[in-house]
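Each chain, letter by letter, is given below.
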Amino acid sequence: MSITTLYYLQMKKENAHDDSIWCCGWSKIGHDKPMETDNSSHDSPVTTESFIITGGLDDLIKVWQLENGKLELRQQLEGHSLGVISVAVSPDGKTLASSSLDSSLILWDIASGDKLKTFETGPTDVWTIDFSPDGKHVISGSNAGKILIFTVESGKQEQTLDTRGKFTLSVAYSPDAKYIASGALDGIINIFDVAQGKLVHTLEGHAMPIRSLCFSPDSQLLLTASDDGHMKLYDVVHANLAGTLSGHESWVLSVAFSPNGKRFVSGSADRTVRVWDLDTMQCQNVFKEHNDQVWGVKFNAESNKIVSVSEDKSINIYDCPL
(Lines give C-alpha, C1' and ligand atoms only; values in the text may rest on other atoms or scores of the structure.)
Protein backbone atom coordinates (compact mmCIF):
# COMPACT_ATOMS: atom_id res chain seq x y z
CA MET A 1 0.00 0.00 0.00
CA SER A 2 1.31 3.44 -0.88
CA ILE A 3 1.77 5.75 2.09
CA THR A 4 -0.19 8.46 0.28
CA THR A 5 -3.37 6.37 0.56
CA LEU A 6 -3.22 6.71 4.34
CA TYR A 7 -3.79 10.44 4.15
CA TYR A 8 -7.37 11.62 3.81
CA LEU A 9 -9.70 14.56 4.37
CA GLN A 10 -11.56 13.82 7.60
CA MET A 11 -13.95 16.73 7.43
CA LYS A 12 -14.62 20.08 5.79
CA LYS A 13 -16.41 22.95 7.51
CA GLU A 14 -17.62 25.34 4.82
CA ASN A 15 -18.49 28.98 5.55
CA ALA A 16 -16.90 28.66 8.99
CA HIS A 17 -16.40 32.45 8.89
CA ASP A 18 -18.21 35.16 6.96
CA ASP A 19 -14.97 36.13 5.22
CA SER A 20 -11.48 34.80 4.50
CA ILE A 21 -9.85 32.77 7.29
CA TRP A 22 -6.26 33.90 7.81
CA CYS A 23 -4.91 31.89 10.74
CA CYS A 24 -5.42 28.78 12.81
CA GLY A 25 -4.14 26.83 15.81
CA TRP A 26 -4.77 23.82 18.05
CA SER A 27 -5.34 23.71 21.79
CA LYS A 28 -5.61 20.77 24.14
CA ILE A 29 -6.94 21.47 27.63
CA GLY A 30 -7.15 18.94 30.46
CA HIS A 31 -9.97 19.00 33.00
CA ASP A 32 -10.53 17.12 36.24
CA LYS A 33 -13.53 14.86 35.85
CA PRO A 34 -15.55 14.27 39.05
CA MET A 35 -15.70 10.68 40.23
CA GLU A 36 -19.01 8.81 40.31
CA THR A 37 -18.71 8.16 44.07
CA ASP A 38 -17.50 10.36 46.91
CA ASN A 39 -15.81 7.58 48.90
CA SER A 40 -13.10 6.88 46.35
CA SER A 41 -9.55 7.61 47.46
CA HIS A 42 -8.29 7.86 43.88
CA ASP A 43 -7.55 11.14 42.20
CA SER A 44 -10.12 12.40 39.74
CA PRO A 45 -9.34 11.32 36.19
CA VAL A 46 -8.32 14.03 33.77
CA THR A 47 -10.16 14.41 30.50
CA THR A 48 -8.78 16.42 27.62
CA GLU A 49 -10.65 18.49 25.09
CA SER A 50 -9.25 19.30 21.66
CA PHE A 51 -9.97 22.74 20.22
CA ILE A 52 -9.26 24.39 16.90
CA ILE A 53 -8.89 28.17 16.83
CA THR A 54 -9.48 30.22 13.68
CA GLY A 55 -9.20 33.94 12.96
CA GLY A 56 -10.61 35.75 9.97
CA LEU A 57 -11.11 38.89 7.97
CA ASP A 58 -14.57 39.12 9.58
CA ASP A 59 -12.78 40.35 12.77
CA LEU A 60 -13.77 37.20 14.67
CA ILE A 61 -11.86 34.49 16.47
CA LYS A 62 -13.72 31.21 16.72
CA VAL A 63 -12.97 28.35 19.08
CA TRP A 64 -14.19 25.01 17.76
CA GLN A 65 -14.38 21.74 19.66
CA LEU A 66 -13.36 18.67 17.71
CA GLU A 67 -15.12 15.62 19.07
CA ASN A 68 -16.23 12.38 17.44
CA GLY A 69 -15.44 13.69 13.99
CA LYS A 70 -17.58 16.80 14.41
CA LEU A 71 -16.58 20.45 14.70
CA GLU A 72 -18.80 22.43 17.05
CA LEU A 73 -18.47 26.17 17.74
CA ARG A 74 -17.69 26.72 21.44
CA GLN A 75 -16.66 30.38 21.61
CA GLN A 76 -16.82 33.43 19.37
CA LEU A 77 -14.35 36.07 20.48
CA GLU A 78 -15.00 39.69 19.56
CA GLY A 79 -12.58 42.55 20.14
CA HIS A 80 -10.61 43.08 16.95
CA SER A 81 -11.31 45.19 13.90
CA LEU A 82 -9.69 45.15 10.43
CA GLY A 83 -9.26 41.37 10.47
CA VAL A 84 -7.54 38.81 12.71
CA ILE A 85 -4.24 37.92 11.06
CA SER A 86 -2.36 35.84 13.60
CA VAL A 87 -3.14 33.54 16.53
CA ALA A 88 -0.84 31.67 18.91
CA VAL A 89 -1.72 29.18 21.65
CA SER A 90 0.22 29.07 24.92
CA PRO A 91 2.21 25.89 25.66
CA ASP A 92 -0.33 24.78 28.30
CA GLY A 93 -3.14 25.18 25.76
CA LYS A 94 -5.17 27.51 27.99
CA THR A 95 -4.38 30.98 26.63
CA LEU A 96 -4.73 32.44 23.18
CA ALA A 97 -2.87 35.45 21.79
CA SER A 98 -4.31 37.19 18.74
CA SER A 99 -3.28 40.13 16.59
CA SER A 100 -4.98 42.29 14.02
CA LEU A 101 -4.38 44.99 11.46
CA ASP A 102 -6.04 47.29 14.01
CA SER A 103 -2.64 47.28 15.83
CA SER A 104 -3.97 45.35 18.81
CA LEU A 105 -2.60 42.25 20.55
CA ILE A 106 -5.08 40.52 22.88
CA LEU A 107 -4.85 37.59 25.30
CA TRP A 108 -7.89 35.33 25.79
CA ASP A 109 -8.91 32.44 28.02
CA ILE A 110 -9.69 29.69 25.50
CA ALA A 111 -12.12 27.69 27.68
CA SER A 112 -14.24 30.63 28.85
CA GLY A 113 -13.71 33.04 25.95
CA ASP A 114 -12.87 35.85 28.38
CA LYS A 115 -10.55 38.64 27.31
CA LEU A 116 -7.60 38.61 29.71
CA LYS A 117 -5.37 41.45 28.57
CA THR A 118 -4.70 43.90 25.75
CA PHE A 119 -1.09 44.85 25.03
CA GLU A 120 -0.05 48.33 23.98
CA THR A 121 1.84 47.81 20.72
CA GLY A 122 1.83 51.37 19.39
CA PRO A 123 0.58 52.48 15.97
CA THR A 124 1.91 49.49 14.03
CA ASP A 125 0.35 46.56 12.22
CA VAL A 126 0.98 43.52 14.43
CA TRP A 127 1.34 41.00 11.64
CA THR A 128 2.65 37.96 13.49
CA ILE A 129 2.91 36.62 17.05
CA ASP A 130 4.25 33.65 19.03
CA PHE A 131 4.50 32.44 22.62
CA SER A 132 7.78 31.65 24.34
CA PRO A 133 8.16 27.93 25.22
CA ASP A 134 7.54 28.64 28.92
CA GLY A 135 4.45 30.70 28.12
CA LYS A 136 5.76 33.73 30.00
CA HIS A 137 6.33 35.95 26.97
CA VAL A 138 4.62 36.86 23.71
CA ILE A 139 6.59 38.19 20.75
CA SER A 140 5.21 40.23 17.88
CA GLY A 141 6.50 41.39 14.53
CA SER A 142 5.24 44.48 12.77
CA ASN A 143 5.55 46.77 9.76
CA ALA A 144 8.09 48.83 11.74
CA GLY A 145 10.71 46.06 11.40
CA LYS A 146 10.86 45.54 15.16
CA ILE A 147 10.20 42.46 17.28
CA LEU A 148 8.51 43.36 20.54
CA ILE A 149 8.78 41.02 23.55
CA PHE A 150 5.94 41.29 26.09
CA THR A 151 5.67 39.77 29.54
CA VAL A 152 2.37 37.91 29.78
CA GLU A 153 1.80 38.47 33.50
CA SER A 154 2.31 42.23 33.49
CA GLY A 155 1.35 42.96 29.91
CA LYS A 156 4.36 45.25 29.67
CA GLN A 157 6.83 45.42 26.80
CA GLU A 158 10.10 44.00 28.11
CA GLN A 159 12.44 44.17 25.13
CA THR A 160 12.74 45.24 21.51
CA LEU A 161 14.79 43.44 18.86
CA ASP A 162 15.77 45.43 15.78
CA THR A 163 15.65 43.39 12.57
CA ARG A 164 17.43 46.24 10.72
CA GLY A 165 15.01 45.62 7.91
CA LYS A 166 11.54 46.05 6.57
CA PHE A 167 8.09 44.83 7.48
CA THR A 168 8.36 41.70 9.69
CA LEU A 169 5.81 39.22 8.37
CA SER A 170 6.71 36.18 10.48
CA VAL A 171 8.27 35.39 13.87
CA ALA A 172 8.96 32.18 15.78
CA TYR A 173 10.46 31.15 19.12
CA SER A 174 12.69 28.06 19.12
CA PRO A 175 11.36 25.26 21.40
CA ASP A 176 14.57 25.37 23.47
CA ALA A 177 13.98 29.12 24.04
CA LYS A 178 17.44 30.04 22.78
CA TYR A 179 16.46 31.75 19.53
CA ILE A 180 13.89 33.99 17.91
CA ALA A 181 13.66 34.02 14.11
CA SER A 182 11.95 36.59 11.91
CA GLY A 183 11.10 36.80 8.23
CA ALA A 184 10.66 40.06 6.36
CA LEU A 185 8.93 41.55 3.36
CA ASP A 186 12.26 41.81 1.53
CA GLY A 187 13.05 38.09 1.95
CA ILE A 188 15.58 38.56 4.75
CA ILE A 189 15.64 36.07 7.64
CA ASN A 190 17.11 37.08 11.01
CA ILE A 191 18.00 34.81 13.93
CA PHE A 192 18.43 36.36 17.39
CA ASP A 193 20.07 34.97 20.51
CA VAL A 194 17.40 35.47 23.19
CA ALA A 195 19.71 35.51 26.22
CA GLN A 196 22.00 38.11 24.69
CA GLY A 197 19.25 39.97 22.88
CA LYS A 198 21.36 40.31 19.79
CA LEU A 199 21.26 39.38 16.13
CA VAL A 200 23.46 36.36 15.40
CA HIS A 201 22.56 35.40 11.80
CA THR A 202 21.14 37.17 8.77
CA LEU A 203 20.12 34.93 5.87
CA GLU A 204 19.32 36.02 2.33
CA GLY A 205 17.94 32.75 0.99
CA HIS A 206 14.77 34.18 -0.51
CA ALA A 207 14.25 37.10 -2.85
CA MET A 208 10.59 37.59 -1.93
CA PRO A 209 8.54 37.98 1.30
CA ILE A 210 8.84 35.35 4.06
CA ARG A 211 5.20 34.66 4.95
CA SER A 212 5.90 31.96 7.52
CA LEU A 213 8.72 30.27 9.39
CA CYS A 214 9.09 27.76 12.22
CA PHE A 215 11.69 25.79 14.15
CA SER A 216 11.88 22.01 14.24
CA PRO A 217 10.84 20.48 17.60
CA ASP A 218 14.51 19.85 18.49
CA SER A 219 15.36 23.50 17.64
CA GLN A 220 18.09 22.40 15.22
CA LEU A 221 16.40 23.46 11.98
CA LEU A 222 14.58 26.57 10.78
CA LEU A 223 12.00 26.16 8.01
CA THR A 224 11.11 29.22 5.92
CA ALA A 225 8.34 29.78 3.37
CA SER A 226 8.30 32.49 0.74
CA ASP A 227 6.35 34.13 -2.04
CA ASP A 228 9.02 32.74 -4.39
CA GLY A 229 7.20 29.39 -4.13
CA HIS A 230 10.04 27.67 -2.28
CA MET A 231 10.77 26.54 1.27
CA LYS A 232 14.22 26.35 2.78
CA LEU A 233 15.67 24.49 5.74
CA TYR A 234 18.58 26.00 7.66
CA ASP A 235 20.86 24.62 10.34
CA VAL A 236 20.14 27.09 13.15
CA VAL A 237 23.51 27.10 14.94
CA HIS A 238 25.68 27.58 11.85
CA ALA A 239 23.04 29.15 9.56
CA ASN A 240 23.92 26.72 6.77
CA LEU A 241 21.36 25.86 4.11
CA ALA A 242 20.28 22.25 4.68
CA GLY A 243 17.87 22.00 1.77
CA THR A 244 15.48 23.72 -0.63
CA LEU A 245 12.01 22.31 -1.23
CA SER A 246 9.97 23.04 -4.32
CA GLY A 247 6.58 21.85 -5.50
CA HIS A 248 4.09 24.61 -4.88
CA GLU A 249 3.04 26.61 -7.93
CA SER A 250 2.58 29.91 -6.11
CA TRP A 251 3.33 31.71 -2.84
CA VAL A 252 3.93 29.48 0.19
CA LEU A 253 1.85 31.17 2.87
CA SER A 254 2.17 28.91 5.91
CA VAL A 255 4.43 26.13 7.22
CA ALA A 256 4.43 24.06 10.42
CA PHE A 257 6.39 21.10 11.79
CA SER A 258 4.68 18.07 13.29
CA PRO A 259 5.44 17.88 17.04
CA ASN A 260 7.09 14.47 16.57
CA GLY A 261 9.56 16.07 14.15
CA LYS A 262 9.01 13.59 11.35
CA ARG A 263 7.35 15.86 8.82
CA PHE A 264 6.06 19.32 8.10
CA VAL A 265 3.10 20.80 6.28
CA SER A 266 2.77 23.76 3.92
CA GLY A 267 -0.16 25.79 2.60
CA SER A 268 -0.02 27.85 -0.56
CA ALA A 269 -1.75 30.36 -2.78
CA ASP A 270 -1.94 27.49 -5.30
CA ARG A 271 -4.85 26.18 -3.14
CA THR A 272 -3.00 23.05 -2.02
CA VAL A 273 -1.82 21.66 1.31
CA ARG A 274 1.34 19.56 1.06
CA VAL A 275 2.86 17.20 3.62
CA TRP A 276 6.64 16.68 3.52
CA ASP A 277 8.90 14.02 5.03
CA LEU A 278 11.81 15.60 6.88
CA ASP A 279 14.31 12.75 6.37
CA THR A 280 13.88 12.50 2.60
CA MET A 281 12.71 16.11 2.05
CA GLN A 282 10.11 14.69 -0.34
CA CYS A 283 6.43 15.58 -0.62
CA GLN A 284 4.35 12.71 0.78
CA ASN A 285 0.88 13.95 -0.02
CA VAL A 286 -0.98 16.80 -1.74
CA PHE A 287 -4.45 17.85 -0.60
CA LYS A 288 -6.48 19.79 -3.18
CA GLU A 289 -9.75 20.30 -1.30
CA HIS A 290 -9.57 24.11 -0.95
CA ASN A 291 -11.00 26.42 -3.60
CA ASP A 292 -8.75 29.39 -2.85
CA GLN A 293 -5.39 30.20 -1.30
CA VAL A 294 -4.49 28.43 1.94
CA TRP A 295 -3.46 30.94 4.61
CA GLY A 296 -2.84 28.67 7.59
CA VAL A 297 -1.80 25.08 8.36
CA LYS A 298 -1.04 23.37 11.68
CA PHE A 299 -0.46 19.90 13.11
CA ASN A 300 -2.19 18.79 16.29
CA ALA A 301 -0.22 17.73 19.38
CA GLU A 302 -0.37 14.04 18.44
CA SER A 303 1.02 14.74 14.93
CA ASN A 304 -1.79 12.72 13.31
CA LYS A 305 -4.11 15.53 12.17
CA ILE A 306 -3.66 18.75 10.21
CA VAL A 307 -5.98 21.74 10.11
CA SER A 308 -5.95 24.16 7.18
CA VAL A 309 -7.81 27.43 6.65
CA SER A 310 -8.34 29.36 3.46
CA GLU A 311 -9.58 32.38 1.60
CA ASP A 312 -12.54 30.13 0.70
CA LYS A 313 -13.88 30.51 4.31
CA SER A 314 -13.56 26.80 5.03
CA ILE A 315 -11.75 24.75 7.70
CA ASN A 316 -10.34 21.40 6.56
CA ILE A 317 -9.12 18.65 8.87
CA TYR A 318 -6.95 15.86 7.51
CA ASP A 319 -5.92 12.53 9.00
CA CYS A 320 -2.24 11.62 8.68
CA PRO A 321 -0.35 8.38 9.37
CA LEU A 322 2.06 8.42 12.30
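Residues numbered from 1 in each chain as written. Predicted model: local features only at pLDDT ≥ 70, side-chain atom pairs only at ≥ 80, totals over all residues. Heavy atoms only, no water.

A word on the pattern of salt bridges. When their charged atoms lie close together, side chains carrying opposite charge are able to pair. What the rule picks out here adds up to five salt bridges. The shortest N-O distance in the salt bridge between Arg-74 and Glu-49 comes to 3.4 Å. Highlighted residues: Arg-74 in strand 5 (residues 70–78) and Glu-49 in strand 3 (residues 46–56), separated in sequence by 25 residues. For Arg-74, a relative accessible area of 35% gives the class partly exposed. (Salt bridge = Lys/Arg side-chain N within 4 Å of Asp/Glu carboxyl O. Helix = DSSP H or I, 4+ residues; strand = E, 2+ residues; numbered from the N terminus. Buried < 20%, exposed > 50% of the residue type's maximum accessible area, 1.4 Å probe, protein only.)

To continue, consider the state of the cysteines. Covalently bonding the sulfur atom of one cysteine to the sulfur atom of another cysteine gives a disulfide. Within the structure shown, the criterion is met by zero disulfides. Distance from the sulfur of Cys-24, which forms no disulfide, to the nearest cysteine sulfur (Cys-23) is 7.3 Å. Of the residues examined, Cys-24 reaches a relative accessible area of 9% and is grouped as buried. Between Cys-214, a cysteine without a disulfide, and Cys-24, which holds the nearest cysteine sulfur, the sulfur-to-sulfur distance is 12 Å. (Disulfide = S-S within 2.5 Å.)

Right, let's talk about the side chain of Ser-266 for a bit. Here Ser-266 lies in strand 23 (residues 263–268). Among the polar contacts made by the side chain of Ser-266, one reaches the side chain of His-248 at a distance of 2.7 Å. Among the polar contacts made by the side chain of Ser-266, one reaches the side chain of Trp-276 at a distance of 2.8 Å. (Polar contact = N/O pair within 3.5 Å; in protein donor to acceptor, adjacent residues only side chain to side chain.)

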